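Chain residues, written in single-letter form:
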Amino acid sequence: MRSEYPLIFERSREGRRAYDLPVLDVPEADELLPSGMINDAKLNLPEIAEVDLVRHYTNLSRRNFGVDNGFYPLGSCTMKYNPKINEEVATLFNDLHPLADQSMAQGALDMMLHLDQCLCEITGMDKFTLQPAAGAHGEFTGLMIIKAYHEMKQDFGRTTIIVPDAAHGTNPASATMAGFKIKEIKSAPDGSVDLDALRAAVGPDTAGLMLTNPSTLGLFERNIREVADIVHTAGGLLYYDGANLNAIMGIVRPGDMGFDVMHINLHKTFSTPHGGGGPGSGPVGVKKELIPYLPYPVILASHGGPAMLDYDRPLSIGKVKSFYGNFSVMVKAYAYIMSLGGKGLREASENAVLNANYLLHNLKDTFGVPHDRICMHECVIEPGELLEHGIHTTDIAKALIDRGYHPMTIYFPLIVHEAMMIEPTETESRETLDEFIFNMKDIARIARENPEAIHQCPVNTPVGRPDEVMAARKPVVKYEG
Ligand SMILES: *Cc1c(COP(=O)(O)O)cnc(C)c1O
């Protein structure tokens, strides 16, 4: 591998240059620096010609897979195409310093305030904080707000968060981080929350319930009103994991379903490129009675005057991120919302749901389907009878790589044996979906006729099948030149 992809330092040849500085046309002035501060040592920098430099990074970038390369149906991640204009709009704010005085940053504050109002309109909540840097960070922030609310009411016994087993894995993790105990409840056979199990789980120790909706099965919670009533009657609050808002924009609102706190992943639904660790943004929205607990500063409109940052928040849970959050992600989300408008957002959701159901409908005779219901923006299938040929989910994913696809999410949700979770998003055309369906069926055909050929996949990549346990437990992160 190394000979094929040498490091830039290995390409270095003394004297090569990728730049050409103009001739000095002012007197040299090195005596301005005290001699003790001048570094005479040769710097260990690669010396390389421009053409080799360009090829080096271009070729490296081609070893990556992104939405701009091809179809990327990674369930639960909403890898939709990100219009380039959003990136361009984000650069408009490049010169703004986070420590600039409020009076100098009115455009940015106005944008943040309006984004907050747009998110309220989309979700039915009353106020958002834009500070959290990701979905899981938003969950943590929302749970701290729930905690502060109960403590303010001197209700110190509410120490448990109820989490259905179809929730995203971050839900119980965030609740544990926030100092709560977790009570897990099993799903009913149709994938919904089991209401009897929920009734049995609530009590005076219930701080709240976290609901991932659509659930990780890609299903809309059928009994959402009853779920909300049961938890509220028991004195708990309702947390909506809205990381995947892509199925419901402009159609239903968590605020109208009775939810008190929620987060949104701007980097999923609202079109910021993500994967590889960020930057993201996980705004948290709350109903009116929880506004005092939001992280400070809170952005307020001052009746026709400038927007302002309010730091005087005695009940606030505190700051959860430096400055105001990942600002460029907010700009991209704002540009996306403004360019689509309310009607466009609704159409995006309708098409996301249509595309997922199109895939489900066309794949369900070839593969297994754990819950044969209309799905939301993503669907979950299983290998079905291919298991009898020794073909597992991982084999199907590896075979997709050879055909130029990023595989779907595999082995998640955990409650489905051998799960494959496919999220096409609304930005994919009918032709792309048909080609994917063809390839999935073709993989299944080969799997039945010659399973060994599928076990060999991928054969077109620099690395085939690494030992995944070793790769996770003992990763080699240091380059041995
Ligand atoms: C992605 C996701 C999260 C976590 O979001 P991060 O930004 O990765 O922290 C939480 N819940 C659901 C349902 C998700 O899909």
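Everything numeric in this text was worked out from a predicted model, so none of it was measured.

Q: What's the story with the overall build of the protein in this structure? I'm lost.
A: Within the protein, the regular secondary structure consists of 12 helices and 12 strands. Considering only C-alpha atoms, the protein reaches an extent of 80 × 70 × 45 Å along its principal axes. Looking at the protein as a whole, 47% of its 481 residues are labelled buried. At a minimum sequence separation of 6, the contacts of the protein that also span at least 24 residues come to 70%. Here the protein contributes 43 positive and 62 negative side-chain charges, whose respective centroids are spaced 3 Å apart.

Q: Looking at this structure, I do not really get unusual backbone geometry. What am I missing?
A: When glycine is set aside, most residues are seen to have a negative phi, and most peptide bonds are trans. Between Asn213 and Pro214 the backbone carries a cis peptide bond, its omega angle lying at -10 degrees. Positionally, Pro214 belongs in the loop between strand S4 (206-212) and helix H7 (224-233). Here the bond from Tyr296 into Pro297 is cis, since omega is -5 degrees, no more than 30 degrees from zero. Mapped onto the fold, Pro297 is located in the loop between strand S7 (284-286) and strand S8 (298-300).

Q: Just checking my understanding: could you explain the site of the ligand for this structure?
A: Around the ligand, the surrounding shell holds 14 residues, and the nearest of these are Gly135, Ala136, Asp241, His267 and Lys268. At a separation of 2.8 Å, an oxygen atom of the ligand approaches a polar side-chain atom of Ser76. Ala136 is positioned such that a nitrogen or oxygen atom in its backbone is 2.8 Å from an oxygen atom of the ligand. In isolation the ligand exposes 380 Å². Once the protein is present, 85% of that is buried. In terms of residues, the shell around the ligand owes the most to one element, helix H4 (residues 135-152), which gives 3 residues. Classifying every residue of the shell around the ligand by side-chain character gives 3 nonpolar, 8 polar and 3 charged.

Q: Could you clarify how one ought to interpret the nonpolar core in this entry?
A: Nonpolar side chains in soluble globular proteins tend to end up buried together. Leu115, Leu119, Leu198, Leu266 and Phe270 are the most contacted members of the largest nonpolar core, which totals 54 residues. Residue contributions to this core peak at 10 residues, all from helix H8 (residues 327-363). Setting aside chain neighbours within four positions, we find Phe270 in contact with Leu119, Ile122, Leu245, Met249, Ile264, Asn265, Lys332, Ala333, Tyr336, Ile337 and Leu345. Listed in part, the 27 residues of the second largest apolar core include Ile381, Ile391, Met420 and Ile422.

Q: It is not clear to me how the layout of surface pockets should be interpreted in this structure. Could you clarify?
A: Where empty space is left in the structure can be found by rolling a water-sized probe over the atoms. Of the pockets and cavities examined, the largest pocket occupies roughly 1200 Å³. The set of elements that each furnish at least two residues to the lining of the largest pocket consists of helix H1 (50-62) and helix H9 (393-402). Top contributing element to the lining of the largest pocket by residue count: H9, with 4 residues. The class makeup of the residues in the lining of the largest pocket is 16 nonpolar, 19 polar and 7 charged. The computed volume of the second largest pocket comes to approximately 300 Å³. Along the walls of the second largest pocket sit 18 residues, with Leu96, His97, Pro98, Tyr324 and Phe327 positioned nearest its centre. Of all the elements in the fold, those that place two or more residues in the lining of the second largest pocket are helix H3 (106-123) and H8. Element by element, the count of residues in the lining of the second largest pocket is highest for H3, at 3 residues. Partitioning the lining of the second largest pocket into residue classes produces 13 nonpolar, 5 polar and no charged.

Q: What should I look at first to understand the side chain of Asn357 in this one?
A: Relative to the helices and strands, Asn357 is located in helix H8. Of the residues examined, Asn357 reaches a relative accessible area of 17% and is grouped as buried. In this structure the side chain of Asn357 is engaged in a polar contact, spanning 2.9 Å, whose partner is the backbone oxygen of Val353.

Q: Just to check I follow, could you spell out the sheet that holds strand S12 (residues 420-422) for this structure?
A: Two modes of strand pairing occur in sheets, parallel and antiparallel, and in both the strands are linked by backbone hydrogen bonds. Strand order in this open sheet of 3 strands is S10-S12-S11, and the pairing throughout is antiparallel. Each having just a single partner strand, strand S10 (379-381) and strand S11 (409-410) make up the two edges of the open sheet. Relative to S10, H8 is tilted by about 20 degrees, and along the sheet it contacts S10 and S12.

Q: Would you mind going over the side chain of Thr216 with me for this structure?
A: Along the polypeptide, Thr216 turns up in the loop between S4 and H7. You can call Thr216 buried: its relative accessible area is 3%. Within polar-contact distance, the side chain of Thr216 engages the backbone oxygen of Ala166 at 2.8 Å. Not counting residues up to four positions away in its chain, the partners in contact with Thr216 are Ala166, Ala167, His168, Val380, Phe412, Pro413 and Met421.

Q: Even after reading the chapter, I still don't get a nonpolar patch on the surface, so can you show me in this structure?
A: Together, Leu7, Phe9 and Tyr479 line one region of the surface with nonpolar side chains, adding up to about 270 Å² of accessible area. Structurally, the position occupied by Tyr479 is in the segment after helix H12 (468-473). Residue classification places Tyr479 among the partly exposed residues on the basis of a relative accessible area of 35%.

Q: What should I look at first to understand H7 in this one?
A: Three or four residues apart is the spacing at which side chains of an α-helix point the same way, because the helix has 3.6 residues per turn. Ile224, Val227, Ala228, Ile230 and Val231 are the residues of H7 that are buried. Axial view of H7: buried residues confined to an arc of 165 degrees, hence all on one face. Turned more than 90 degrees from where H7 packs its buried face, Arg225 and Thr233 sit exposed. The secondary structure elements touched by the buried residues of H7 are helix H6 (195-201), S4 and strand S5 (237-242). Immediately downstream of H7, the backbone of Gly235 shows phi near 90 degrees, a positive value.

Q: Looking at this structure, I do not really get the pattern of salt bridges. What am I missing?
A: Pairing is possible between side chains of opposite charge, provided their charged atoms come close. Overall, the coordinates contain 24 salt bridges when judged by the stated rule. With a shortest N-O distance of 3.0 Å, Asp196 and Arg199 are connected by a salt bridge. One end of the pair is Asp196 and the other is Arg199, both in helix H6 and 3 residues apart, which spans about a single turn. Here Asp196 falls in the exposed class, since its relative accessible area comes to 56%. Asp442 is paired through a salt bridge with Arg445; the nearest N and O atoms lie 2.9 Å apart. Here the residue Asp442 and the residue Arg445 both occupy positions in helix H10 (residues 430-449), the gap between them amounting to 3 residues, near one helical turn. For Arg445, a relative accessible area of 36% puts it in the partly exposed group.

About the cut-offs
Residues numbered from 1 in each chain as written. Predicted model: local features only at pLDDT ≥ 70, side-chain atom pairs only at ≥ 80, totals over all residues. Heavy atoms only, no water. Helix = DSSP H or I, 4+ residues; strand = E, 2+ residues; numbered from the N terminus. Buried < 20%, exposed > 50% of the residue type's maximum accessible area, 1.4 Å probe, protein only. Contact = heavy atoms within 4.5 Å. Lys, Arg positive; Asp, Glu negative; His and termini not counted. Charge placed at Lys NZ, Arg CZ, Asp CG, Glu CD. Near = heavy atom within 4 Å. Polar contact = N/O pair within 3.5 Å; in protein donor to acceptor, adjacent residues only side chain to side chain. Areas by Shrake-Rupley, 256 points an atom, 1.4 Å probe, with all protein chains shown as cover. Nonpolar A, V, L, I, M, F, W, Y, C, P; charged D, E, K, R; others polar. Core = buried A, V, L, I, M, F, W, Y, C linked by side-chain atoms within 4.5 Å. 1 Å grid on protein atoms, 1.4 Å probe; cavity = no way out; pocket = protein on both sides within 12 Å on 5 of 7 lines; lining within 4 Å. Points joined across faces, edges and corners; volume = space filled by probe spheres on them. Pairing = 2+ DSSP bridges. Axes fitted to C-alpha atoms, helices over the stretch in contact; angles between N-to-C directions. Patch = residues over 30% accessible without salt bridge, like charges linked within 9 Å, V, L, I, M, F, W, Y side chains within 5 Å. Salt bridge = Lys/Arg side-chain N within 4 Å of Asp/Glu carboxyl O. Arc of directions from axis to C-beta.

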